[in-house]
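Analysis of the macromolecular model
One letter stands for each residue in the lines below.
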Amino acid sequence: MSFVPRNLLVTGGAGFIGANFVRHWLARGGDGRVVVYDALTYAGNPANLAGLDADPRYAFLHGDICDEAAVRAALEAHAIDTIVHFAAESHVDRSILGPDEFIRTNVLGTHALLKAAKAHWLAGAARPHRFHHVSTDEVYGSLAPQDPPFHEATPYAPNSPYSASKAGSDHLVRAYHETYGLATTITNCSNNYGPYQFPEKLIPLVLINILQGQPLPVYGDGLQIRDWLYVEDHCRAIALALERGRAGEVYNVGGNAETANLTIVRTLCALIDRRLAAAPALRAAYPQSPAARGGRALELITHVRDRPGHDRRYAIDFRKAARELGYAPSVSIEHGLERTIDWYLAHAEWWRALLGRDYAAWVATNYRR
Ligand code: NAD
Ligand code: TYD
(Lines give C-alpha, C1' and ligand atoms only; values in the text may rest on other atoms or scores of the structure.)
(Ligands and ions follow the chains in the order given, each with its own letter.)
Protein backbone atom coordinates (compact mmCIF):
# COMPACT_ATOMS: atom_id res chain seq x y z
CA MET A 1 0.00 0.00 0.00
CA SER A 2 1.60 3.29 -1.02
CA PHE A 3 1.50 6.20 1.39
CA VAL A 4 1.06 9.84 0.35
CA PRO A 5 2.44 12.28 2.94
CA ARG A 6 0.13 15.20 3.55
CA ASN A 7 0.50 17.05 6.87
CA LEU A 8 4.09 17.09 8.14
CA LEU A 9 5.46 17.70 11.63
CA VAL A 10 9.11 18.65 11.13
CA THR A 11 11.07 18.38 14.38
CA GLY A 12 14.22 20.51 14.44
CA GLY A 13 12.87 22.52 11.51
CA ALA A 14 14.58 25.70 12.76
CA GLY A 15 18.01 24.08 12.43
CA PHE A 16 20.27 23.83 9.40
CA ILE A 17 18.95 20.82 7.46
CA GLY A 18 15.41 21.06 8.85
CA ALA A 19 14.97 24.65 7.62
CA ASN A 20 16.33 23.74 4.18
CA PHE A 21 13.93 20.79 4.08
CA VAL A 22 10.90 22.90 5.05
CA ARG A 23 11.70 25.37 2.27
CA HIS A 24 12.31 22.54 -0.20
CA TRP A 25 9.06 20.75 0.65
CA LEU A 26 6.89 23.89 0.51
CA ALA A 27 8.46 24.91 -2.81
CA ARG A 28 7.36 21.61 -4.32
CA GLY A 29 3.73 22.74 -4.03
CA GLY A 30 0.79 20.77 -2.69
CA ASP A 31 -1.65 22.03 -0.08
CA GLY A 32 -0.62 19.88 2.91
CA ARG A 33 0.61 21.52 6.11
CA VAL A 34 4.18 21.85 7.33
CA VAL A 35 4.35 22.35 11.09
CA VAL A 36 7.81 23.01 12.53
CA TYR A 37 8.26 21.72 16.07
CA ASP A 38 11.47 23.08 17.59
CA ALA A 39 12.88 23.86 21.05
CA LEU A 40 15.06 26.69 19.65
CA THR A 41 18.30 25.62 21.28
CA TYR A 42 21.49 27.54 20.37
CA ALA A 43 21.30 25.81 16.95
CA GLY A 44 17.65 26.63 16.29
CA ASN A 45 17.19 30.00 14.67
CA PRO A 46 13.86 31.61 13.69
CA ALA A 47 15.80 33.55 11.03
CA ASN A 48 16.29 30.25 9.19
CA LEU A 49 12.53 30.21 8.58
CA ALA A 50 12.16 33.93 7.78
CA GLY A 51 9.50 34.72 5.21
CA LEU A 52 7.52 31.49 5.65
CA ASP A 53 4.90 33.01 7.96
CA ALA A 54 3.09 34.38 4.92
CA ASP A 55 2.45 30.83 3.68
CA PRO A 56 -0.89 29.55 5.03
CA ARG A 57 0.41 25.97 4.89
CA TYR A 58 3.19 26.75 7.41
CA ALA A 59 3.06 26.91 11.22
CA PHE A 60 5.68 27.04 13.98
CA LEU A 61 5.35 25.38 17.39
CA HIS A 62 7.90 26.05 20.11
CA GLY A 63 8.35 22.75 21.94
CA ASP A 64 10.72 20.06 23.18
CA ILE A 65 10.60 16.58 21.65
CA CYS A 66 11.09 15.15 25.17
CA ASP A 67 7.63 16.52 26.05
CA GLU A 68 5.51 13.60 24.87
CA ALA A 69 2.18 15.23 25.80
CA ALA A 70 3.00 18.39 23.83
CA VAL A 71 4.00 16.31 20.80
CA ARG A 72 0.75 14.33 21.01
CA ALA A 73 -1.25 17.56 21.19
CA ALA A 74 0.56 18.85 18.10
CA LEU A 75 -0.12 15.63 16.14
CA GLU A 76 -3.81 15.87 17.05
CA ALA A 77 -4.25 19.61 16.49
CA HIS A 78 -2.70 19.61 13.01
CA ALA A 79 -3.95 16.20 11.78
CA ILE A 80 -0.33 15.16 11.25
CA ASP A 81 0.23 11.98 9.22
CA THR A 82 4.01 12.32 8.73
CA ILE A 83 6.81 13.10 11.16
CA VAL A 84 10.16 14.13 9.70
CA HIS A 85 12.53 13.95 12.65
CA PHE A 86 15.60 16.21 12.47
CA ALA A 87 15.69 17.51 16.06
CA ALA A 88 18.97 16.57 17.70
CA GLU A 89 22.12 17.80 19.31
CA SER A 90 24.31 17.56 16.24
CA HIS A 91 27.88 18.71 16.93
CA VAL A 92 30.54 16.08 17.74
CA ASP A 93 32.82 18.56 19.57
CA ARG A 94 30.02 19.58 21.92
CA SER A 95 29.24 15.92 22.59
CA ILE A 96 32.84 15.43 23.75
CA LEU A 97 32.57 18.35 26.16
CA GLY A 98 29.09 17.47 27.46
CA PRO A 99 27.42 14.22 26.40
CA ASP A 100 24.35 14.46 28.70
CA GLU A 101 22.32 16.75 26.47
CA PHE A 102 22.98 14.38 23.54
CA ILE A 103 21.55 11.42 25.42
CA ARG A 104 18.56 13.48 26.57
CA THR A 105 17.56 14.87 23.16
CA ASN A 106 18.81 12.23 20.74
CA VAL A 107 17.90 9.09 22.70
CA LEU A 108 15.18 10.07 25.19
CA GLY A 109 13.71 12.72 22.89
CA THR A 110 13.46 10.31 19.96
CA HIS A 111 11.86 7.79 22.27
CA ALA A 112 9.28 10.32 23.51
CA LEU A 113 8.49 11.14 19.89
CA LEU A 114 8.07 7.45 19.03
CA LYS A 115 5.74 6.95 22.00
CA ALA A 116 3.63 9.94 20.97
CA ALA A 117 3.48 8.69 17.37
CA LYS A 118 2.50 5.19 18.45
CA ALA A 119 -0.22 6.50 20.76
CA HIS A 120 -1.56 8.85 18.10
CA TRP A 121 -1.46 6.61 15.03
CA LEU A 122 -1.69 3.06 16.30
CA ALA A 123 -4.19 3.17 19.17
CA GLY A 124 -7.47 1.60 17.99
CA ALA A 125 -7.88 1.51 14.21
CA ALA A 126 -4.45 2.36 12.75
CA ARG A 127 -4.27 5.55 10.67
CA PRO A 128 -2.02 5.83 7.60
CA HIS A 129 1.23 7.43 8.74
CA ARG A 130 4.99 7.66 8.32
CA PHE A 131 7.76 8.34 10.87
CA HIS A 132 10.93 9.39 9.05
CA HIS A 133 14.12 9.54 11.12
CA VAL A 134 17.11 11.54 9.89
CA SER A 135 20.37 9.95 10.95
CA THR A 136 24.05 9.94 10.14
CA ASP A 137 26.78 7.80 8.59
CA GLU A 138 28.77 8.35 11.81
CA VAL A 139 26.89 5.43 13.44
CA TYR A 140 28.99 3.06 11.29
CA GLY A 141 32.29 4.24 12.79
CA SER A 142 35.50 4.84 10.86
CA LEU A 143 36.85 3.38 7.59
CA ALA A 144 40.44 2.53 6.64
CA PRO A 145 41.62 3.95 3.26
CA GLN A 146 40.89 0.78 1.26
CA ASP A 147 37.63 -0.24 3.02
CA PRO A 148 34.45 -0.33 0.94
CA PRO A 149 31.97 2.48 1.71
CA PHE A 150 29.27 2.09 4.40
CA HIS A 151 26.15 0.26 3.23
CA GLU A 152 22.88 -0.31 5.06
CA ALA A 153 24.06 -3.60 6.61
CA THR A 154 27.43 -2.30 7.84
CA PRO A 155 27.62 -3.10 11.58
CA TYR A 156 27.20 -0.12 13.90
CA ALA A 157 30.42 1.03 15.62
CA PRO A 158 29.91 4.61 16.89
CA ASN A 159 32.98 6.33 18.32
CA SER A 160 31.73 9.65 19.74
CA PRO A 161 28.99 10.38 22.27
CA TYR A 162 27.15 12.08 19.38
CA SER A 163 27.27 9.07 17.07
CA ALA A 164 26.48 6.70 19.95
CA SER A 165 23.36 8.73 20.78
CA LYS A 166 22.29 8.71 17.12
CA ALA A 167 22.90 4.95 16.97
CA GLY A 168 20.68 4.55 20.03
CA SER A 169 17.92 6.55 18.36
CA ASP A 170 18.22 4.49 15.15
CA HIS A 171 17.81 1.27 17.14
CA LEU A 172 14.71 2.62 18.89
CA VAL A 173 13.13 3.60 15.55
CA ARG A 174 13.85 0.13 14.19
CA ALA A 175 12.39 -1.50 17.32
CA TYR A 176 9.15 0.53 17.08
CA HIS A 177 8.72 -0.78 13.56
CA GLU A 178 9.52 -4.40 14.37
CA THR A 179 7.60 -4.52 17.65
CA TYR A 180 4.62 -2.22 17.19
CA GLY A 181 4.33 -1.91 13.41
CA LEU A 182 5.06 1.83 13.30
CA ALA A 183 5.67 2.75 9.63
CA THR A 184 9.23 4.06 9.90
CA THR A 185 11.98 4.94 7.44
CA ILE A 186 15.54 6.00 8.28
CA THR A 187 18.08 7.84 6.15
CA ASN A 188 21.74 7.76 7.20
CA CYS A 189 23.54 10.55 5.39
CA SER A 190 27.03 11.97 5.16
CA ASN A 191 28.29 15.47 6.12
CA ASN A 192 25.94 18.18 4.87
CA TYR A 193 26.92 21.73 3.91
CA GLY A 194 25.13 24.73 2.41
CA PRO A 195 22.94 27.69 3.46
CA TYR A 196 21.91 28.21 7.11
CA GLN A 197 24.59 25.94 8.62
CA PHE A 198 25.58 27.09 12.11
CA PRO A 199 29.19 28.31 11.99
CA GLU A 200 30.59 25.78 14.45
CA LYS A 201 30.81 23.18 11.64
CA LEU A 202 33.89 22.99 9.42
CA ILE A 203 32.76 24.68 6.19
CA PRO A 204 30.92 27.76 7.53
CA LEU A 205 33.51 28.15 10.32
CA VAL A 206 36.39 28.28 7.83
CA LEU A 207 34.50 30.50 5.40
CA ILE A 208 33.65 33.09 8.07
CA ASN A 209 37.10 32.95 9.65
CA ILE A 210 38.74 33.69 6.29
CA LEU A 211 36.50 36.73 5.84
CA GLN A 212 37.44 37.92 9.34
CA GLY A 213 41.15 37.09 9.14
CA GLN A 214 40.90 34.53 11.97
CA PRO A 215 42.90 31.26 12.26
CA LEU A 216 41.51 28.23 10.42
CA PRO A 217 41.75 25.36 12.94
CA VAL A 218 42.57 22.05 11.23
CA TYR A 219 42.36 19.11 13.61
CA GLY A 220 45.48 16.90 13.56
CA ASP A 221 46.96 16.35 10.11
CA GLY A 222 43.72 17.34 8.34
CA LEU A 223 43.74 14.17 6.23
CA GLN A 224 40.45 12.87 7.64
CA ILE A 225 37.98 12.17 4.84
CA ARG A 226 34.29 13.03 4.73
CA ASP A 227 31.76 12.50 1.93
CA TRP A 228 30.29 16.00 1.48
CA LEU A 229 26.59 16.25 0.63
CA TYR A 230 25.05 19.52 -0.53
CA VAL A 231 22.03 20.09 1.72
CA GLU A 232 19.60 20.49 -1.19
CA ASP A 233 20.51 17.00 -2.46
CA HIS A 234 19.88 15.65 1.03
CA CYS A 235 16.46 17.34 1.20
CA ARG A 236 15.55 15.80 -2.15
CA ALA A 237 16.57 12.38 -0.86
CA ILE A 238 14.36 12.75 2.22
CA ALA A 239 11.38 13.79 0.08
CA LEU A 240 11.97 10.71 -2.09
CA ALA A 241 12.20 8.49 0.99
CA LEU A 242 8.86 9.87 2.23
CA GLU A 243 7.16 9.22 -1.08
CA ARG A 244 8.84 6.03 -2.29
CA GLY A 245 10.58 4.52 0.75
CA ARG A 246 9.30 1.23 2.11
CA ALA A 247 8.24 1.12 5.76
CA GLY A 248 10.89 -0.46 7.98
CA GLU A 249 13.72 0.32 5.54
CA VAL A 250 16.99 2.21 5.90
CA TYR A 251 18.54 4.21 3.05
CA ASN A 252 22.09 5.58 2.96
CA VAL A 253 22.42 9.00 1.32
CA GLY A 254 25.79 10.31 0.11
CA GLY A 255 27.20 13.10 -2.02
CA ASN A 256 29.76 11.15 -4.07
CA ALA A 257 32.37 13.62 -2.87
CA GLU A 258 34.95 12.01 -0.60
CA THR A 259 37.37 14.81 0.28
CA ALA A 260 40.08 15.37 2.92
CA ASN A 261 39.43 18.21 5.38
CA LEU A 262 42.63 19.98 4.36
CA THR A 263 41.50 19.95 0.72
CA ILE A 264 38.17 21.50 1.73
CA VAL A 265 39.96 24.21 3.71
CA ARG A 266 42.48 24.95 0.94
CA THR A 267 39.75 25.08 -1.69
CA LEU A 268 37.75 27.57 0.39
CA CYS A 269 40.92 29.68 0.80
CA ALA A 270 41.52 29.77 -2.95
CA LEU A 271 37.89 30.48 -3.83
CA ILE A 272 37.50 33.32 -1.33
CA ASP A 273 40.85 34.89 -2.24
CA ARG A 274 39.70 34.88 -5.86
CA ARG A 275 36.34 36.45 -5.01
CA LEU A 276 37.92 39.25 -3.03
CA ALA A 277 40.63 39.86 -5.64
CA ALA A 278 37.91 40.49 -8.22
CA ALA A 279 35.65 42.68 -6.05
CA PRO A 280 36.83 45.91 -4.36
CA ALA A 281 33.48 46.13 -2.53
CA LEU A 282 34.14 42.76 -0.87
CA ARG A 283 37.66 43.82 0.12
CA ALA A 284 36.14 46.91 1.71
CA ALA A 285 33.48 44.85 3.49
CA TYR A 286 36.08 42.39 4.86
CA PRO A 287 39.23 44.46 5.53
CA GLN A 288 40.70 41.80 7.87
CA SER A 289 40.57 39.09 5.23
CA PRO A 290 44.06 38.22 3.90
CA ALA A 291 43.09 39.10 0.31
CA ALA A 292 42.19 42.64 1.43
CA ARG A 293 45.62 43.00 3.07
CA GLY A 294 47.68 41.70 0.16
CA GLY A 295 48.04 38.20 1.66
CA ARG A 296 46.67 34.72 1.09
CA ALA A 297 44.02 32.90 3.13
CA LEU A 298 46.22 29.78 3.23
CA GLU A 299 48.41 31.64 5.73
CA LEU A 300 45.56 31.38 8.28
CA ILE A 301 45.65 27.55 8.36
CA THR A 302 46.59 26.41 11.87
CA HIS A 303 47.00 22.76 12.76
CA VAL A 304 45.59 22.19 16.26
CA ARG A 305 45.30 19.25 18.63
CA ASP A 306 43.26 16.42 17.11
CA ARG A 307 39.70 15.67 18.20
CA PRO A 308 39.64 12.70 20.63
CA GLY A 309 38.19 9.59 18.97
CA HIS A 310 38.36 11.35 15.60
CA ASP A 311 36.99 9.12 12.82
CA ARG A 312 39.46 8.91 9.95
CA ARG A 313 37.18 8.30 6.99
CA TYR A 314 33.48 8.15 6.10
CA ALA A 315 32.19 7.02 2.71
CA ILE A 316 28.68 6.12 1.60
CA ASP A 317 27.35 3.47 -0.74
CA PHE A 318 23.99 4.91 -1.82
CA ARG A 319 23.11 2.27 -4.43
CA LYS A 320 20.01 1.18 -2.49
CA ALA A 321 18.65 4.75 -2.47
CA ALA A 322 19.47 5.03 -6.18
CA ARG A 323 17.69 1.76 -6.97
CA GLU A 324 14.61 2.10 -4.77
CA LEU A 325 14.14 5.87 -4.52
CA GLY A 326 15.70 7.12 -7.76
CA TYR A 327 18.19 9.21 -5.76
CA ALA A 328 21.47 10.60 -7.08
CA PRO A 329 23.39 13.66 -5.84
CA SER A 330 23.31 16.50 -8.37
CA VAL A 331 25.68 19.10 -6.90
CA SER A 332 29.44 18.54 -7.17
CA ILE A 333 31.65 19.62 -4.27
CA GLU A 334 33.18 22.41 -6.40
CA HIS A 335 29.79 23.82 -7.35
CA GLY A 336 28.38 23.28 -3.85
CA LEU A 337 31.25 25.22 -2.24
CA GLU A 338 30.78 28.07 -4.73
CA ARG A 339 27.05 28.20 -3.94
CA THR A 340 27.73 28.09 -0.21
CA ILE A 341 30.20 30.98 -0.47
CA ASP A 342 27.63 32.94 -2.52
CA TRP A 343 25.02 32.39 0.18
CA TYR A 344 27.23 33.40 3.14
CA LEU A 345 28.43 36.51 1.28
CA ALA A 346 24.84 37.49 0.49
CA HIS A 347 23.63 36.82 4.06
CA ALA A 348 26.31 38.41 6.26
CA GLU A 349 23.63 39.77 8.58
CA TRP A 350 22.50 36.16 9.28
CA TRP A 351 25.90 34.95 10.50
CA ARG A 352 27.00 38.22 12.10
CA ALA A 353 23.97 37.97 14.41
CA LEU A 354 25.15 34.50 15.50
CA LEU A 355 28.71 35.63 16.19
CA GLY A 356 27.33 38.12 18.67
CA ARG A 357 25.17 35.51 20.34
CA ASP A 358 26.66 32.11 21.06
CA TYR A 359 29.59 31.61 18.72
CA ALA A 360 32.12 33.62 20.71
CA ALA A 361 31.23 31.75 23.90
CA TRP A 362 31.53 28.45 22.10
CA VAL A 363 34.91 29.24 20.61
CA ALA A 364 36.13 30.36 24.05
CA THR A 365 35.15 27.06 25.68
CA ASN A 366 36.17 24.79 22.82
CA TYR A 367 38.32 21.93 24.05
CA ARG A 368 41.01 22.90 21.54
CA ARG A 369 42.02 25.90 23.65
P1 NAD B 1 21.22 21.55 13.87
O2 NAD B 1 22.05 21.40 15.10
O3 NAD B 1 21.53 22.64 12.90
O4 NAD B 1 19.67 21.72 14.26
C5 NAD B 1 19.06 20.97 15.26
C6 NAD B 1 17.68 21.55 15.50
O7 NAD B 1 17.02 20.73 16.50
C8 NAD B 1 17.71 22.98 16.06
O9 NAD B 1 16.72 23.75 15.41
C10 NAD B 1 17.35 22.79 17.52
O11 NAD B 1 16.70 23.92 18.10
C12 NAD B 1 16.44 21.58 17.48
N13 NAD B 1 16.38 20.85 18.75
C14 NAD B 1 17.45 20.43 19.50
N15 NAD B 1 17.01 19.81 20.61
C16 NAD B 1 15.65 19.81 20.54
C17 NAD B 1 14.63 19.29 21.38
N18 NAD B 1 14.92 18.65 22.53
N19 NAD B 1 13.34 19.44 21.00
C20 NAD B 1 13.03 20.08 19.84
N21 NAD B 1 13.95 20.61 19.03
C22 NAD B 1 15.25 20.47 19.36
O23 NAD B 1 21.28 20.13 13.16
P24 NAD B 1 21.37 19.75 11.62
O25 NAD B 1 22.78 19.85 11.19
O26 NAD B 1 20.32 20.48 10.88
O27 NAD B 1 21.01 18.19 11.68
C28 NAD B 1 19.66 17.76 11.60
C29 NAD B 1 19.62 16.26 11.75
O30 NAD B 1 20.43 15.65 10.75
C31 NAD B 1 20.17 15.76 13.10
O32 NAD B 1 19.37 14.69 13.53
C33 NAD B 1 21.57 15.27 12.76
O34 NAD B 1 21.98 14.23 13.63
C35 NAD B 1 21.38 14.77 11.33
N36 NAD B 1 22.58 14.82 10.50
C37 NAD B 1 23.24 15.98 10.30
C38 NAD B 1 24.36 16.01 9.47
C39 NAD B 1 25.09 17.29 9.19
O40 NAD B 1 26.10 17.26 8.46
N41 NAD B 1 24.66 18.44 9.68
C42 NAD B 1 24.83 14.83 8.89
C43 NAD B 1 24.13 13.64 9.14
C44 NAD B 1 23.01 13.65 9.93
P1 TYD C 1 32.29 18.78 11.52
O2 TYD C 1 31.83 19.85 10.60
O3 TYD C 1 32.32 19.07 12.99
O4 TYD C 1 31.44 17.47 11.19
P5 TYD C 1 31.64 15.94 11.74
O6 TYD C 1 32.51 15.95 12.92
O7 TYD C 1 30.23 15.56 12.04
O8 TYD C 1 32.24 15.19 10.59
O9 TYD C 1 33.76 18.37 11.11
C10 TYD C 1 34.06 17.90 9.81
C11 TYD C 1 35.51 17.48 9.81
O12 TYD C 1 36.32 18.64 9.99
C13 TYD C 1 35.86 16.56 10.96
O14 TYD C 1 36.83 15.60 10.50
C15 TYD C 1 36.48 17.46 11.99
C16 TYD C 1 37.14 18.54 11.15
N17 TYD C 1 37.19 19.90 11.74
C18 TYD C 1 38.41 20.60 11.76
O19 TYD C 1 39.46 20.09 11.32
N20 TYD C 1 38.41 21.85 12.30
C21 TYD C 1 37.29 22.44 12.81
O22 TYD C 1 37.35 23.59 13.31
C23 TYD C 1 36.06 21.71 12.77
C24 TYD C 1 34.79 22.32 13.32
C25 TYD C 1 36.07 20.44 12.21
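To start, this report covers the structure provided alongside it.

1. Quick word on the overall build of the protein
Across its full length, the protein carries twelve helices and 13 strands. Relative to the 2.2 N^0.38 estimate, which gives 21 Å for 369 residues, the radius of gyration of the protein is 20 Å and therefore close to what a compact globule would have. Dimensions of the protein along its principal axes, counting C-alpha atoms only, are 70 × 50 × 40 Å. When the 369 residues of the protein are sorted by exposure, 55% land in the buried category. Within the protein, counting contacts between residues at least 6 apart in sequence, those at least 24 apart form 83% of the total. Accessible surface, the protein as shown: approximately 14900 Å² in total, 54% of it carbon and sulfur.

2. As for the site of ligand 1
Lining the immediate surroundings of ligand 1 are 29 residues, of which Ile-17, Asp-38, Ser-90, Tyr-162 and Lys-166 lie closest. Measuring from an oxygen atom of ligand 1, one finds a backbone N or O atom of Gly-15 at 2.9 Å. A distance of 2.8 Å is found between an oxygen atom of ligand 1 and a backbone nitrogen or oxygen belonging to Asn-192. Burial of ligand 1 by the surrounding chains reaches 97%, relative to a free accessible area of 840 Å². Secondary structure elements with two or more residues in the shell around ligand 1: α1 (16–27), α4 (100–122), β5 (130–136) and α5 (161–180). Per-element accounting of the shell around ligand 1 gives the leading share, three residues, to β5. Its residues placed into classes, the shell around ligand 1 shows 13 nonpolar, twelve polar and four charged.

3. What about empty space enclosed by the protein?
A full pass over the atoms with the stated rule returns one cavity of 30 Å³ or more. Here the largest cavity is characterised by a volume of approximately 50 Å³.

4. Remarks on the site of ligand 2
Ligand 2 sits among 15 residues. The nearest are Glu-138, Asn-191, Pro-217, Arg-307 and His-310. Within the side chain of Arg-226, an N or O atom sits 2.9 Å from an oxygen atom of ligand 2. Here His-310 contributes a side-chain N or O atom positioned 2.7 Å from an oxygen atom of ligand 2. The protein chains hide 97% of the 510 Å² of surface that ligand 2 would expose on its own. Among the secondary structure elements, those contributing two or more residues to the shell around ligand 2 are α6 (202–212) and β8 (216–219). At three residues, β8 tops the list of elements feeding residues into the shell around ligand 2. By residue class, the composition of the shell around ligand 2 is six nonpolar, four polar and five charged.

5. Here's the deal with helix α2 (residues 68–77)
Buried within α2 are the following residues: Val-71, Ala-74 and Leu-75. Viewed along the axis of α2, the buried residues span an arc of 100°, placing them on a single side of the element. Every exposed residue of α2 that faces more than 90 degrees away from the buried side is listed here: Ala-69, Glu-76 and Ala-77. Where the residues of α2 are buried, they touch β1 (8–11), β2 (34–38), β3 (58–62), β4 (82–85) and α4. Looking one or two places after α2, you find Ala-79, whose phi comes out positive at around 50°.

6. Looking at the environment of His-78
Within the secondary structure, His-78 sits in the loop between α2 and β4. In sequence terms His-78 and Val-35 are 43 residues apart; their C-alpha atoms lie 7.8 Å from each other. Here His-78 is in contact with Asn-7, Arg-33, Val-35, Ala-59 and Leu-61, once residues within four sequence places are set aside.

The rules we used
- Residues numbered from 1 in each chain as written.
- Chains lettered and ligands numbered in written order.
- Predicted model: local features only at pLDDT ≥ 70, side-chain atom pairs only at ≥ 80, totals over all residues.
- Heavy atoms only, no water.
- Helix = DSSP H or I, 4+ residues; strand = E, 2+ residues; numbered from the N terminus.
- Rg over C-alpha atoms; globule rule 2.2 N^0.38 Å.
- Buried < 20%, exposed > 50% of the residue type's maximum accessible area, 1.4 Å probe, protein only.
- Contact = heavy atoms within 4.5 Å.
- Areas by Shrake-Rupley, 256 points an atom, 1.4 Å probe, with all protein chains shown as cover.
- Near = heavy atom within 4 Å.
- Polar contact = N/O pair within 3.5 Å; in protein donor to acceptor, adjacent residues only side chain to side chain.
- Nonpolar A, V, L, I, M, F, W, Y, C, P; charged D, E, K, R; others polar.
- 1 Å grid on protein atoms, 1.4 Å probe; cavity = no way out; pocket = protein on both sides within 12 Å on 5 of 7 lines; lining within 4 Å.
- Points joined across faces, edges and corners; volume = space filled by probe spheres on them.
- Arc of directions from axis to C-beta.

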